[in-house]
Amino acid sequence: MRIAFMGTPDFSVPCLRALAASKHEVVGVFCQPDKPVGRKQILTPPPVKEEALIHGYRVFQPTTLKNGAGVALLREIEPDLVIVVAYGKILPPDFLSFPKYGCVNVHASLLPRYRGASPIHRAVLNGDMETGVTTMQLDEGMDTGDILLVKKVPIGPDETTEDLFDVLSAVGAEAMMETIGQIEAGTLHPVAQDHDRATAVGLLTKELGEVDWTKPMQTIHNQVRGLYSWPGAYTFLGGSVLKLHRTARTAVGTSKAPGTVVKARGQLLVACGDGLCLELKEVQLSGKKRMDAAAFLNGNQIAEGDVLGS
RNA sequence: CGCGGAGUAGAGCAAUCCGGUAGCUCGUCGGGCUCAUAACCCGGAGGUUGUAGGUUCAAAUCCUAUCUCCGCAA
């Protein structure tokens, strides 16, 4: 089958690799234009582009697919099927209907839950015990198409978004290959989503990372692991930003006010809103490197009784 | 030249403004104590202070250049 692939970030790469290793012909790869990245604003190609170039695929980085621009490109490569994995742009109707088998999307959630831009983060943030990958037939809406195939994945209590990212991108590749196989075999049974149960999630913002210590310990723990490693959770210590990279739940109770450092010897415990302590295991003060709690405590930069959050 | 912080023992920090041969906590090694401990006590090892120049009787500290790391912004 002639397949065009559309994707941009790391998450999409395993899918492209799987296609490359398959019998199918990758006739073109679409991704977002190169962007300046990092402190020095170096123009960097997206991960999918780098992977595509390794295989010698034709790469397209159009700024828009609207007004026939996308279809014009499809006409050049004549794909039977288009696979879309975290591409980053909405596909117009004429584009969706161009390939014989349409466009199939790999989405990192159990649809109709978490439609939109940040499904993995949201599942962890909400403390879900389970998430997964859904493949669906793309339609004009945002992740509203008929469901083709679902694979579930459990979420561990301390698992981070980054951990899940790796798992789900691998599972996504499996789901994709299985879906393609069934398309060829004609054995798929698309199921409409239950739109009443749908939830939509937007892009993440930095502000989501600020910890509110009056919240329950579990909620803050979810926030830390859900936003790891980007954009990250943070609080304030003496006016400086203190990033929280890793935390652990404890059963230690306290009567101290939320945000108070309850223990700063051996381990670092902070009081949360529900009277339980959250252990900070790895932190980073602005301008400093990230370090584990033991190293942080050695420098005497924090003491019992200090209050985080201001 | 977007803004800013930092490079000192294995780790995290202090001493830098007001130059005078480097200190603290942890780890490590040896010994001791205790029913016991991420407990405590005693002792030791470990640093040409990112690099290159300069000023000086003397530089971690002042001057110049350079490399690296990090926070913000994008």
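These figures come from a predicted structure and were not determined experimentally.

Section: the packing of aromatic side chains
Following the criterion strictly, the structure yields four aromatic pairs and no others. Through successive ring pairs, a cluster of aromatic residues spans Phe-30, Phe-60 and Phe-95. A cation over a ring is seen here: Arg-246 above Tyr-228, with NZ or CZ 4.4 Å from the ring centre.

A few points about the side chain of Arg-225
Assignment of secondary structure puts Arg-225 in helix 7 (residues 217–226). Comment: no salt bridge for buried Arg-225; closest opposite-charge side chain is Asp-158, at 5.8 Å. Ignoring anything within four residues of it in the chain, the contact list for Arg-225 reads Val-124, Gly-127, Ile-155, Gly-156, Pro-157, Asp-158, Glu-159, Thr-160 and Thr-161.

Some details on the protein's contact with RNA strand B
The environment of RNA strand B is formed by 17 residues, the closest being Arg-39, Gln-41, Lys-288, Lys-289 and Asn-298. Gly-287 is positioned such that a nitrogen or oxygen atom in its backbone is 3.0 Å from a sugar or linking oxygen of RNA strand B. Its residues placed into classes, the surface near RNA strand B shows two nonpolar, nine polar and six charged.

Brief notes about the domain arrangement of chain A
Entries for chain A in the domain assignment read domain 1 (2–201) and domain 2 (206–299). Summarising the inter-unit geometry, the C-alpha centres of domain 1 and domain 2 are found 34 Å apart. Counting residues at the interface gives 15 residues for domain 1, matched by twelve residues for domain 2. At the surface where domain 1 touches domain 2, the tally comes to zero salt bridges.

Considerations on the pattern of salt bridges
Taken as a whole, this structure holds ten salt bridges when the rule is applied. For the salt bridge of Glu-25 with Arg-2, the shortest nitrogen-to-oxygen distance reads 3.6 Å. Linking Glu-25 in strand 2 (residues 25–30) with Arg-2 in strand 1 (residues 2–7), this pair joins segments that are 23 residues apart in sequence. Given the relative accessible area of 43%, Glu-25 is considered partly exposed. Note on Arg-2: relative accessible area 30%, which makes it partly exposed.

Details of the packing of helix 1 (residues 13–20) against helix 2 (residues 47–55)
Where helix 1 contacts helix 2, the axes come no closer than 9 Å and their chain directions differ by 15 degrees. By the criterion of interaxial angle, the relationship of helix 1 to helix 2 is roughly parallel. In terms of crossing hand, the pair formed by helix 1 and helix 2 is right-handed. Here Val-13, Leu-16, Arg-17 and Ala-20 of helix 1 lie close against helix 2, whose contacting residues are Pro-47, Val-48, Glu-51, Ala-52 and His-55. Residues belonging to the contact of helix 1 with helix 2 are distributed by class as follows: six nonpolar, one polar and two charged.

Description of the pairing of strand 9 (residues 130–137)
Where burial is concerned, most of strand 9 is hidden: six out of the eight residues are buried. Sheet analysis places strand 7 (residues 103–107) next to strand 9, joined by four bridges and oriented antiparallel. In the sheet register, His-107 faces strand 9, and the bridge partner there is Thr-134. The pairing of strand 9 with strand 10 (residues 147–154) spans seven bridges and is classified as antiparallel. Bridge pairing links Glu-130 to Pro-154 in strand 10.

Criteria and cut-off values
Residues numbered from 1 in each chain as written. Chains lettered and ligands numbered in written order. Predicted model: local features only at pLDDT ≥ 70, side-chain atom pairs only at ≥ 80, totals over all residues. Heavy atoms only, no water. Phe/Tyr/Trp six-rings, centres within 6.5 Å; stacked < 30°, edge-to-face > 60°. Lys NZ or Arg CZ within 6 Å of the ring centre and 35° of its normal. Helix = DSSP H or I, 4+ residues; strand = E, 2+ residues; numbered from the N terminus. Buried < 20%, exposed > 50% of the residue type's maximum accessible area, 1.4 Å probe, protein only. Lys, Arg positive; Asp, Glu negative; His and termini not counted. Salt bridge = Lys/Arg side-chain N within 4 Å of Asp/Glu carboxyl O. Contact = heavy atoms within 4.5 Å. Near = heavy atom within 4 Å. Polar contact = N/O pair within 3.5 Å; in protein donor to acceptor, adjacent residues only side chain to side chain. Nonpolar A, V, L, I, M, F, W, Y, C, P; charged D, E, K, R; others polar. Domains from an automatic or database assignment. Axes fitted to C-alpha atoms, helices over the stretch in contact; angles between N-to-C directions. Parallel < 35°, antiparallel > 145°, perpendicular 65-115°, else oblique. Left-handed = near helix turned anticlockwise from the far one by under 90°. Pairing = 2+ DSSP bridges.

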